[in-house]
Amino acid sequence: MFIEERHQEILKIIEDQGRISLSIIQSKFNISVDSARRDLRILESKGLLKRTHGGAIPAIPRGYSIPESVTHRDITNIKPNYMAIALKAVSLIKEHDVVHITGGSVGYFMVQNLPRNFEFTVVVNSIILADVLRLYTNVTTIMIGGILNSKGHCKEQLAIDMIKHLRFDKAFITSAAVSTTFGASIQSPSSVGLIRAFMDAAKSNIGLYPNEKIELDSILHIYPIERFNTIITDWDVTEENIEKLKETDIELIIVEEDKGARCD
């Protein structure tokens, strides 16, 4: 097979599956890892893909959003990278911690997999998450109140005022996007003040950002990226974005596919 034909096959796999790993390239085309990396560098230089920590993804990431009134409990498709980030985040919770868990889909995966062998406190503003948390006998749940929206979240000023009276050891935060230039950002004006309040109340802010959200900007700025102590992302984060994040003082954790996580 000519190299041009191999490149076309690589691009077709990315188009069909949304990604490709170095191991797949090696086994499918019987080439070395160095040759596989070289193929991806060539294709990236042509603007045809983005190299990641373990392979490549489309040059233009696919968007993902949940329709109004549909909650994370209604979504049956579990994205492996979201679950891996959630499991790594859960491993950071310690005995007697007071933590906030985001109402996003990563947060929903977190509350389904919390430890049961020690006591701690979880603060949420989502009735969807609270409904799962009530089943944990070792977890004290604090529900932030206020005006309830169609997704089961309380986000308005009443919720913000309540958060100001609390303090957390860790806040697990996500938003629509995060970048080294614009920081954490989101589309919803009602979420800006809420996320700021949670971050202001925490000793440590941990950003949960799948590769699809890294180095992108949404409409509304929340806080500079430096307000995070740690960012957890996944194996498909691009090499370019890894380098940008490493230029900050933030701890970067990249979860590996089926291999736990490593720290940089």
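Residue positions are given per chain, counting from 1 as you read along its sequence in written order. Totals for whole chains, interfaces and linings use every residue, but because this is a predicted model, local features are given only for residues with pLDDT of at least 70 and side-chain atom pairs only at 80 or more, for both listing and counting. The side-chain figures draw on all heavy atoms in the structure; neither hydrogens nor water molecules are used.

This paragraph deals with the overall build of the protein. For helices the rule is a DSSP run of H or I covering at least 4 residues; for strands it is a run of E covering at least 2, with both sets numbered from the N terminus onward. From N to C terminus, the protein includes 9 helices and 14 strands. A radius of gyration in this sense is built from C-alpha atoms; the matching globule rule multiplies 2.2 Å by the number of residues raised to 0.38. A globule of 264 residues ought to have a C-alpha radius of gyration of about 18 Å, and the protein, at 20 Å, matches this closely. Taking the principal axes of its C-alpha atoms as reference, the protein extends roughly 65 × 40 × 35 Å. Note on areas: Shrake-Rupley with a 1.4 Å probe; residue coverage comes only from the protein chains shown. Accessible surface, the protein as shown: approximately 12,900 Å² in total, 51% of it carbon and sulfur. The sign given to each residue is positive for Lys and Arg and negative for Asp and Glu; His and the chain ends receive no count. Where a charge lies is defined by one atom per residue type, namely NZ (Lys), CZ (Arg), CG (Asp) and CD (Glu). Between the mean site of the 30 positive side-chain charges and the mean site of the 34 negative ones, the protein shows a separation of 1 Å.

Turning to its location among the elements, Asn81 is positioned in helix H4 (residues 80-90). Pairs of N or O atoms within 3.5 Å make up the polar contacts considered here, provided that, within protein, one atom can donate a hydrogen while the other can accept it, and that residues adjacent in sequence are counted only when both atoms are side-chain atoms. Of the polar contacts made by the side chain of Asn81, one reaches the side chain of Glu212; its length is 3.1 Å. Engagement of the side chain of Asn81 in a polar contact is seen with the side chain of Asp234, the distance being 3.2 Å.

With that settled, consider unusual backbone geometry. The backbone phi angle of Asn30 is positive, close to 55°, even though this residue is not glycine. Within the element layout of this structure, Asn30 appears in the loop between helix H2 (22-29) and helix H3 (33-45). By relative accessible area, which is 71% here, Asn30 ends up exposed. Accessibility here uses a 1.4 Å probe with only protein chains present; expressed as a share of the type maximum, an area under 20% marks a residue as buried, one over 50% as exposed, and anything in between as partly exposed.

Moving on: the sheet that holds strand S1 (residues 20-21). One open sheet holds the 3 strands; their spatial order is S1-S3-S2, and the pairing between them is antiparallel. In this open sheet, the two edge strands, each paired with only one partner strand, are S1 and strand S2 (49-51). Any two strands are treated as partners once DSSP identifies two or more bridges connecting them.

With that out of the way, let us pick up the side chain of Thr102. Within the secondary structure, Thr102 sits in the loop between strand S4 (98-101) and helix H5 (105-111). Its relative accessible area of 7% is what places Thr102 among the buried residues. Between two residues, a contact is recorded if the distance between any of their heavy atoms is within 4.5 Å. Residues within four places of Thr102 in sequence aside, it is in contact with Gly107, Leu129, Phe172, Ile173, Thr174 and Leu208.

The nonpolar core is taken to be a set of buried Ala, Val, Leu, Ile, Met, Phe, Trp, Tyr and Cys residues, with the residues joined through side-chain atoms within 4.5 Å. Ile101, Met110, Leu114, Val122, Phe172, Leu208 and Ile232 are the most contacted members of the largest nonpolar core, which totals 35 residues. Listing elements by their share of this core, those giving two or more residues are H4, S4, H5, strand S5 (120-124), helix H6 (127-133), strand S10 (202-208) and strand S13 (251-255). Looking at this core, the element that brings in the most residues is H4, giving 7 residues. Look past the residues within four positions of Val122 in its chain and what remains in contact with it is Val99, Ile101, Leu114, Leu133, Val139, Thr140, Thr141 and Ile142. One finds Ile160, Val192, Ala197 and Ile231 within the second-largest nonpolar core, a separate group that totals 34 residues.

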